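Chain and residue survey
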Amino acid sequence: WMGVTNLGDDQNETHAKRIALFAIDAVAAASKVLIDEDDPEAGYLHIRVGFHSGPVVSNVIGSLNPRYGLFGDTVNTASRMESLSLSDRIQCSDAAAKILAEQDPTLPLRKRGKVAVKGKGNMITY
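So, here's what we can say about the structure.

The rules behind each value
Residues numbered from 1 in each chain as written. Predicted model: local features only at pLDDT ≥ 70, side-chain atom pairs only at ≥ 80, totals over all residues. Heavy atoms only, no water. Helix = DSSP H or I, 4+ residues; strand = E, 2+ residues; numbered from the N terminus. Buried < 20%, exposed > 50% of the residue type's maximum accessible area, 1.4 Å probe, protein only. Contact = heavy atoms within 4.5 Å.

Looking only at helices and strands, the chain features three helices and six strands. From first element to last, N terminus to C terminus, the chain shows the α and β order α-β-β-β-α-β-α-β-β. Relative to its full complement of 126 residues, the chain shows a buried share of 29%. Partitioning the intrachain contacts of the chain with sequence separation of at least 6 by distance along the chain shows that 54% fall at a separation of at least 24.

Okay, here's the thing in structure tokens:
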């Protein structure tokens, strides 16, 4: 699943903060959902979240069943942030962390360090 902010260009001052707060809420909400309600011993859901900030290209794809799609390096990097994140954690790129620190200095950021990202090399993540 992918969520996006600032496509309408009216969230320039808050887009990173909005997605970070959504990510925090998503991890918290998932941790309260039982994997199997008939077997509580199975435990609760654990999700990974990742985000990145940058430009995207969008278009409507298809004619019979049209869908809105986003493309570009930013989408790929955000996907890598999620897939390389840890369970119950949120990982973001250095670019997103810098914007987030400006938009809301009260949100805690902990440097994870360099992470090997396919197609990107080593990236500093938080």
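Read on, since the account is not over.
The residue Asn 6 is not glycine, and still its phi comes out positive at about 70 degrees. When you line up the elements, Asn 6 lands in the segment before α1 (15-30). Non-glycine residue Asp 88 carries a positive phi angle of around 65 degrees. Along the chain, Asp 88 turns up in the loop between α2 (73-83) and β4 (90-92).

Treat this as a map of the structure, not an account of what it does.
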